[in-house]
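# Fold and contact review
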Amino acid sequence: MANMVEQVLESHKITFHEDELLPKGLGHNKALHITVQCEDYFITMILIDRGSNLNICPLVTLKKLGKGLHEVKDEAINVKAFDSSQMSTIGEISLCLQMGATWFNVDFQVIDVPSSYYLLLGRPWIHAAGAIASTLHQAVKFE
């Protein structure tokens, strides 16, 4: 039985290789940002954050996508910001994002705060997508 389990696990391995490292190698300290397509727009500076239990869409990004508040579901929740302050979200919106050849419908909590990213993909997306993120390699891989 153990051999069967090992075979299954080995046939579904996701690996990152040394040749995939940035030129700076192990010496970089970058957060993981990716670029995706959302409808007719390419969105850069999307932060992949394994520490976040929400997917976040800043209000400014929503407006740049041509979306209005009437498209946001009134499902506001209280969240804790990075500085430990409490705030309420505006609500929730579902956006369809393309990464490579794959499309994902992602539910985002909309917040009205200044941000260093255009979208934040947290554990809800990471787990739903079966994604493995490597900040070291600056890459996301899928099964």
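Described in the following lines is the structure provided in the data block. Because the structure is a prediction, the values reported are computed rather than measured. (Residues numbered from 1 in each chain as written. Predicted model: local features only at pLDDT ≥ 70, side-chain atom pairs only at ≥ 80, totals over all residues. Heavy atoms only, no water.)

It is worth spelling out the nonpolar core at this point. Of all hydrophobic cores here, the largest spans 28 residues; its most connected members are Ile34, Ile48, Leu95, Leu97, Phe108, Leu121 and Trp125. At the level of elements, β1 (33-38), β2 (41-48), α2 (59-64), β6 (91-99), β7 (102-111), β8 (119-121), α3 (123-129) and β9 (131-134) are the ones that each hand at least two residues to this core. Non-local contacts of Leu97, meaning those with residues more than four positions away in its chain, are made with Val36, Gln37, Cys38, Thr102, Trp103, Phe104, Val106, Phe108, Leu119 and Leu121. The next biggest cluster of nonpolar side chains, apart from the first, holds seven residues, and it includes Leu54, Ile56, Tyr117 and Leu120. (Core = buried A, V, L, I, M, F, W, Y, C linked by side-chain atoms within 4.5 Å. Buried < 20%, exposed > 50% of the residue type's maximum accessible area, 1.4 Å probe, protein only. Helix = DSSP H or I, 4+ residues; strand = E, 2+ residues; numbered from the N terminus. Contact = heavy atoms within 4.5 Å.)

On to the packing of aromatic side chains, then. Overall, the coordinates contain three aromatic pairs when judged by the stated rule. Their ring planes at 80° and their centres at 5.6 Å tell us that Phe104 and Trp125 sit as a pair that is edge-to-face. Taken together, the residues Phe104 in strand β7 and Trp125 in helix α3 connect sequence positions 21 residues apart. In this structure Phe104 comes out as buried when scored by relative accessible area, which is 13%. Residue class for Trp125 comes out buried when judged on its relative accessible area of 3%. Following the ring pairs from residue to residue traces out a cluster consisting of Phe104, Trp125 and Phe142. (Phe/Tyr/Trp six-rings, centres within 6.5 Å; stacked < 30°, edge-to-face > 60°.)

We now examine the environment of Trp125. Spatially, the C-alpha atom of Trp125 lies 9.3 Å from that of Ile48, the residues being 77 residues apart in sequence. Among all residues touching Trp125, those that are not within four sequence positions of it are Ile48, Asn55, Met99, Phe104, Val106, Ala131, Val140 and Phe142.

On to the pairing of β1, then. Sheet faces and side chains relate simply in a regular strand, where the side chains alternate between the two faces. Residues Ile34, Val36 and Cys38 line the buried face of β1, whereas the alternating positions His33, Thr35 and Gln37 sit on a face that is not buried. Relative to β2, β1 is paired through five bridges, and the arrangement is antiparallel. The residue bridging Cys38 from the neighbouring strand is Tyr41, located in β2. Pairing analysis gives two bridges linking β1 to β6, with the strands arranged antiparallel. Across the sheet, the residue bridging to Gln37 is Gln98, located in β6. (Pairing = 2+ DSSP bridges.)

Before going further, it helps to examine the environment of Gln138. Along the chain, Gln138 falls in the loop between β9 and β10 (139-142). Given a relative accessible area of 22%, Gln138 falls into the partly exposed group. Distance in space between the C-alpha atoms of Gln138 and Leu32 is 5.5 Å, their sequence separation being 106 residues. Within the structure, the side chain of Gln138 is placed 3.5 Å from the backbone oxygen of Lys30, a separation counted as a polar contact. Within polar-contact distance, the side chain of Gln138 engages the backbone oxygen of Thr135 at 2.7 Å. (Polar contact = N/O pair within 3.5 Å; in protein donor to acceptor, adjacent residues only side chain to side chain.)

Turning next to the pairing of β10. When β9 meets β10, the two strands line up antiparallel, connected through four bridges. Residue Ile132 lies in a different strand from β10, and its bridge partner there is Lys141. Connecting β9 to the antiparallel partner β10 that follows it, the hairpin turn spans four residues, and Gln138 within it adopts a positive phi of roughly 55°.

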